[in-house]
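What the coordinates show
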Amino acid sequence: MKLSKIAQTVCPSPTLSMAARVAAMREKGIDIIDFSAGEPDFDTPECVKEAAKAALDENFTHYTAYAGITELRQAFADDLKQYGLEYTYENIVVSNGSKHALKNAFAAILDPKDEVIVPAPYWNSYIDIIKMCYGTPVVIKTKMSNGFRVTIDELKAALTKHTKAVLINSPNNPTGMVYSREELEEIGKFAVENDLYIISDEIYSRLIYSKKLLHCSIASISEEIKERTIVIGGLSKSYAMTGWRVGFTASNKALADAIANIQSNSTSNVNSIAQKAAVAALKNAKEDADAMLKQFEHRRDYIAQRISDIPFLSNLLPKGAFYLFVDVSKLLGESVGEYKIETAADAADVLLEKYNVAVVPSDAFGFENHIRISFATSMRDVVEGVNRIERFVKENF
Ligand code: PMP
Ligand code: GLU
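Throughout, residues of each chain are indexed from 1 in the direction in which the sequence is written. Written order decides the labels, with chains lettered from A and ligands numbered from 1. Given that the model is predicted, a residue must reach a pLDDT of at least 70 before its local features are reported, and side-chain atom pairs must reach 80 or more before they are shown or counted; all residues, however, enter totals for whole chains, interfaces and linings. Based on all heavy atoms of the structure, the side-chain values leave hydrogens and waters out of the count.

Here we look at the packing of aromatic side chains
Working definition: rings of Phe, Tyr and Trp (its six-membered ring) pair if their centres are within 6.5 Å, and the pair is stacked with planes under 30 degrees apart, edge-to-face with planes over 60 apart, and tilted otherwise. Under the counting rule described, the total for this entry stands at 13 aromatic pairs. A ring pair is formed by Phe148 and Phe325, whose centres lie 5.6 Å apart and whose planes are at 80°; its orientation type is edge-to-face. One end of the pair, Phe148, is in the loop between β4 (136-141) and α7 (152-158); the other, Phe325, is in strand β10 (residues 323-327), and 177 residues separate them in sequence. Of the two residues, Phe148 and Phe325, both sit in the buried class. Where Tyr355 meets Phe392, the ring centres are 5.5 Å apart and the plane angle is 65°; that geometry is what we call edge-to-face. Of this pair, Tyr355 sits in helix α13 (residues 344-355) while Phe392 sits in helix α14 (residues 379-396), placing them 37 residues apart in sequence. Each member of the pair, Tyr355 together with Phe392, is buried. Where helices and strands are cited, they refer to DSSP runs of H or I of at least four residues and of E of at least two residues respectively, numbered from the N terminus. Exposure is judged per residue with a 1.4 Å probe applied to protein chains only, and the accessible area is read against the type maximum: over 50% gives exposed, under 20% gives buried, and values in between give partly exposed.

Looking at the sheet that holds strand β6 (residues 197-201)
Two strands pair under a simple rule: DSSP has to find at least two bridges between them. The 7 strands are arranged β2-β8-β7-β6-β5-β3-β4 in an open sheet whose pairing can be described as mixed. Of all strands in the sheet, those with a lone pairing partner are β2 (92-95) and β4, marking the two edges. Recorded for the sheet is a direction-independent mean angle of 20° between the axes of neighbouring strands. Where strand β5 (residues 163-169) lies against β6, 5 bridges are found, and the strand directions are parallel. When the sheet's bridge partners are listed, Leu167 is paired in β6 with Ile199. Here helix α10 (residues 253-264) sits on the sheet in contact with β2, β6, β7 (229-234) and β8 (247-250), set at roughly 25° to β2. A fitted line through C-alpha atoms represents every axis, and for helices the fit uses only the stretch in contact; the resulting angles, taken between N-to-C directions, go from 0 to 180 degrees. By definition in these notes, contact holds between two residues if any of their heavy atoms fall within 4.5 Å.

Section: the site of ligand 1
Around ligand 1, 13 residues are found, and the nearest of them are Ser98, Asn173, Asp201, Tyr204 and Ser236. Taking Asp201, its side chain carries an N or O atom lying 2.6 Å from a nitrogen atom of ligand 1. Under this definition, polar contacts are N or O atom pairs within 3.5 Å; protein pairs additionally need one hydrogen-donor-capable and one acceptor-capable atom, and for neighbouring residues in sequence, both atoms have to be side-chain atoms. In the model, an oxygen atom of ligand 1 is placed 2.6 Å from a nitrogen or oxygen of the Ser236 side chain. All accessibility values rest on the Shrake-Rupley procedure with a 1.4 Å probe; residue burial counts only the protein chains present in the view. In the complex, 94% of the free accessible area of ligand 1, which totals 390 Å², lies under the protein chains. It is helix α5 (residues 97-109) that provides the largest number of residues to the shell around ligand 1, a total of 3 residues. Per-class residue counts for the shell around ligand 1 are 4 nonpolar, 5 polar and 4 charged. If a single non-hydrogen atom of a residue is within 4 Å of a molecule or strand, that residue counts as near it. Put simply, Ala, Val, Leu, Ile, Met, Phe, Trp, Tyr, Cys and Pro go in the nonpolar bin, Asp, Glu, Lys and Arg in the charged bin, and everything else, Gly too, in the polar bin.

Some words on α14
Expected span, for any helix, means 1.5 Å times one less than how many residues it has. When the terminal C-alpha atoms of α14 are compared, their 26 Å separation across 18 residues agrees well with the 26 Å that a helix rising 1.5 Å per residue should span. Residues of α14 that are buried: Asp381, Val382, Gly385, Val386, Arg388, Ile389, Phe392 and Val393. Projected onto a plane normal to the axis of α14, the buried residues spread over an arc of 160° and lie on a single side. The outward face of α14, more than 90 degrees from its buried face, is lined by the exposed residues Arg380, Lys394 and Glu395. The arc refers to the directions leading from the helix axis to the C-beta atoms.

A closer look at the environment of Val279
If you trace the backbone, Val279 turns up in helix α11 (residues 272-284). Between the C-alpha atom of Val279 and that of Tyr66, which follows or precedes it by 213 residues, the distance is 16 Å. Those residues in contact with Val279 that lie beyond four places of it in its chain are Ile69, Glu71 and Leu72.

Here you go:
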């Protein structure tokens, strides 16, 4: 009896695997500072929890429309207006987190042999999601000297007759890079000229650390770009709602109908109570989300400075999301006790095993020589975690 080819190739999510390793060590009583999974440490806002309790008391516990309740679809459409996007509820499908929204989107557009251009560093799950939808990821390694932005020349070089879509993620996980409107215009033009879909993962759209730099959705640039774009979003990151599993796709109506059909035969609707909670988040929790953003910014400023002050480590200042992507190449080739540090994964292992700090090595993101630090954790842990990383470098290099 054989597993399917897909089951044999799909890897466990490296971010979630690292989080599981942390949980196992904590169970043994080891005090770990966890910079692995990108999961806000904040509690879900009170008004969201109240809405969930009310939904339960009102017995809102049955199947809903499979694309989501109209009230929530419209609330997502209304929320996107802040980025100059005009959608109605008919363009939105509510899914089980944005991870599921990505799976739905790729299932709706890919046939076997179709290629998707994915600039690296990328968020780890893209590759496996594309493969699960019978597509082939074509990875472009961006350069730190370009701020990890993909260039049009790089896109052109990756183009083949099988290219079906280009994936962009701004603000980016793991680098914190944010594309400007001009850069997105160029990428949009490239997609139009080559008749490609654009999958635009905008889950971190609310998490940008500059008053001047506003989030730009590529779909807001022109009607012809919007028509071929599937915007991906969700509530996990900005509203501290990772466990509720609420995400969405926004697209033209034909695509939205196809995505809804796919979902109707797989997961059906998102949990009914979570949908009511999500409406409350979008309508009443903006102040809570803004307060969390302020905290993230404070942590970002602190950690980016402290890490760049440590000898042999360097990083760019993340403009969005809540990750610091740290270049550890100067540590490679050295030994720490019984450990030989050849790769970023070796550095991450020593950090975890000897200094009890969990980070994610960059091979998870299709890149080498970096570790990703998630600062979506308490300030106390941020300070203690950086102290441990500083000790690791100062004691051994
Ligand atoms: N996209 C990106 C870029 C992410 O970092 C994540 C992390 N969770 C997701 C999608 C998926 O988030 P969720 O399924 O919780 O909405
Ligand atoms: N997206 C988060 C991360 O990058 C959560 C983990 C995951 O869903 O893979 O850490």
